Amino acid sequence: SSLPLPDIARVNGGDYRAVVVETLAMLGTMSRYVKPGQKVVIKPNIGWDRTVELAANTHPEVVKALVQLCLEAGAKQVRIFDRTCNDERRCYMQSGIRPAVESIRSDRVSIEYIDRRSFKELAINGGRAFDRWEFYLPVIEADRLINVPVAKHHSISRLTLAMKNLMGVIWNRGWWHKNGLHQCIADYAGYRKPDLNVVDA
């Protein structure tokens, strides 16, 4: 009998695409997470008007490789977005993520800005910081959510990884900072758990 697939894998190396492909291969390939015809959201960190070398955002080659793997797995649609901290147009360009995604040239792929009109307040069972919150409907309605943070330190949460990266799909982040950031992150993350987390470290 074959051994069960692991739930976590780590690969080191400087070739970003190769590292992503090898990591997913260890987990059972992207077809374990994305099935033909599914709508996928890839949520990187595109929050900052910083160049790739500063590692403030997810590396564009990591994002590009994941998009390509989703397409190869048969995804019907792949959407990429983040609610940026700096000007969204500059963040998408300076991070290198918009050019990387657009270079794929697929009509099944879109890199888009967060639309304020697409939020809806939903109940959260068991939430401690709040029992209702506004969720971004494209995330809630997606068949698959792939969360792609960059690992880095943070002045308030001390560390940014997968759960904190989900702050990029909420609107009122200021309230969280004033009302128990750690619990807010946990309450939100429990509502729509990513199907796959890929940490660019």
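Quick caveat: nothing in here was measured; it's all calculated off a predicted structure.

1. Digging into the overall build of the protein chain
Phase 1: The secondary structure content of the protein chain amounts to eight helices and nine strands.
Phase 2: A globule of 201 residues ought to have a C-alpha radius of gyration of about 17 Å, and the protein chain, at 16 Å, matches this closely.
Phase 3: Seen along its three principal axes, the alpha-carbon backbone of the protein chain occupies a region of about 45 × 45 × 35 Å.
Phase 4: Every one of the 201 residues in the protein chain was classed for burial, and the buried ones make up 46%.
Phase 5: Partitioning the contacts of the protein chain with sequence separation of at least 6, the portion at a separation of at least 24 is 68%.
Phase 6: In the structure as shown, the protein chain presents an accessible area of about 10,500 Å², 49% of it carried by carbon and sulfur atoms.
Phase 7: Looking at charge distribution, the protein chain has the averaged site of its 29 positive side-chain charges lying 3 Å from that of its 22 negative ones.

2. Describing the pattern of salt bridges
Should the charged atoms of two oppositely charged side chains come close, the side chains can pair.
Phase 1: Inspection of every chain in the model, using the stated rule, returns 11 salt bridges.
Phase 2: Between Asp 115 and Arg 117 there is a salt bridge, with the nearest N and O atoms lying 3.0 Å from each other.
Phase 3: Across the salt bridge formed by Arg 132 and Glu 121, the nearest N and O atoms sit 2.8 Å from each other. Within this pair, whereas Arg 132 is found in strand S5 (residues 132-136), its partner Glu 121 is found in strand S4 (residues 119-123), the two being separated by 11 residues in sequence.
Phase 4: Classification of Arg 132 as partly exposed rests on a relative accessible area of 41%.
Phase 5: By relative accessible area, which is 45% here, Glu 121 ends up partly exposed.

3. So, the sheet that holds strand S1 (residues 39-44)
Phase 1: Across the sheet, which stays open at both edges, the five strands sit in the order S3-S2-S1-S6-S9 with parallel pairing between neighbours. The sheet is open, and its two edges are formed by strand S3 (109-111) and strand S9 (196-197), each paired on a single side.
Phase 2: Where strand S2 (residues 77-80) meets S3, three bridges bridge the pair, whose relative direction is parallel. Each bridged residue has a counterpart across the sheet, and for Val 78 the counterpart in S3 is Val 109.
Phase 3: Each of S1, S2, S3 and strand S6 (144-148) is contacted by helix H2 (residues 60-72), which is oriented at about 170 degrees to S1, the strand it contacts most.

4. Examining the pairing of S1
If a strand is regular, its side chains alternate between the two faces of the sheet.
Phase 1: By the criterion of burial, S1 is predominantly enclosed, with five of the six residues buried.
Phase 2: When S1 meets S2, the two strands line up parallel, connected through four bridges. Note that in S2 the partner of Ile 42 across the bridge is Ile 80.
Phase 3: Sheet topology places S1 next to S6; five bridges connect them, and they run parallel. The partner of Val 40 across the bridge, within S6, is Arg 144.

5. Section: the nonpolar core
Phase 1: Core analysis: the biggest nonpolar cluster contains 55 residues, and Met 30, Ile 42, Leu 66, Val 78, Ile 80, Ile 146 and Trp 176 have the highest contact counts within it.
Phase 2: A per-element tally of this core places H2 first, with eight residues.
Phase 3: Dropping the residues within four chain positions of it, Met 30 is found in contact with Leu 24, Leu 66, Leu 69, Cys 70, Ala 73, Ile 146 and Leu 196.

6. Concerning unusual backbone geometry
Phase 1: At Ala 55, a residue that is not glycine, the phi angle is positive and equals roughly 55 degrees.
Phase 2: Mapped onto the elements, Ala 55 comes out in the loop between S1 and H2.
Phase 3: The backbone of Arg 105 sits at a positive phi, close to 55 degrees, despite the residue not being glycine.
Phase 4: Along the chain, Arg 105 falls in the loop between helix H4 (97-102) and S3.

7. Remarks on the side chain of Asp 200
Phase 1: Turning to its location among the elements, Asp 200 is positioned in the segment after S9.
Phase 2: Polar side-chain contacts of Asp 200 include one of 2.8 Å to the backbone nitrogen of His 59.
Phase 3: Here Asp 200 is in contact with Tyr 16, Asn 57, Thr 58, His 59, Val 62, Pro 149, Val 150 and Ala 151, once residues within four sequence places are set aside.

Rules and cut-offs
- The numbering scheme is per chain: residues are counted from 1 as the chain's sequence reads.
- Owing to the predicted nature of the model, reporting of local features is limited to residues with pLDDT of at least 70; listing and counting of side-chain atom pairs is limited to 80 or more, with chain, interface and lining totals taken over all residues.
- The side-chain quantities take in all heavy atoms of the structure and omit both hydrogens and water.
- Think of it this way: any DSSP run of H or I at least four residues long counts as a helix, any run of E at least two long counts as a strand, and we number them from the N terminus.
- Here the globule rule reads 2.2 Å times residues to the power 0.38, and the radius of gyration is calculated from C-alpha atoms.
- For each residue, the accessible area found with a 1.4 Å probe, counting protein chains only, is set against the maximum for its type, and the residue is called buried under 20%, exposed over 50%, and partly exposed in between.
- Whether two residues are in contact is decided by their heavy atoms: any pair within 4.5 Å suffices.
- Using the Shrake-Rupley algorithm and a 1.4 Å probe, accessible areas are obtained, with residue cover drawn only from the displayed protein chains.
- Charge counting follows a simple rule: Lys and Arg are positive, Asp and Glu are negative, and His as well as the terminal groups are ignored.
- The atom standing in for a charge is NZ when the residue is Lys, CZ when it is Arg, CG when it is Asp and CD when it is Glu.
- Any carboxyl oxygen of Asp or Glu that lies within 4 Å of a side-chain nitrogen of Lys or Arg is treated as forming a salt bridge with it.
- Between any two strands, pairing holds if DSSP finds at least two bridges.
- Only C-alpha atoms enter the line fits that serve as axes; for helices the fit covers just the stretch in contact. Angles between N-to-C directions range over 0 to 180 degrees.
- Remark: nonpolar core denotes a set of buried residues (Ala, Val, Leu, Ile, Met, Phe, Trp, Tyr, Cys) joined through side-chain atoms within 4.5 Å.
- Polar contacts, as used here, are pairs of N or O atoms within 3.5 Å; protein pairs need one atom able to donate a hydrogen and one able to accept it. Residues neighboring in sequence count only if both atoms are side-chain atoms.

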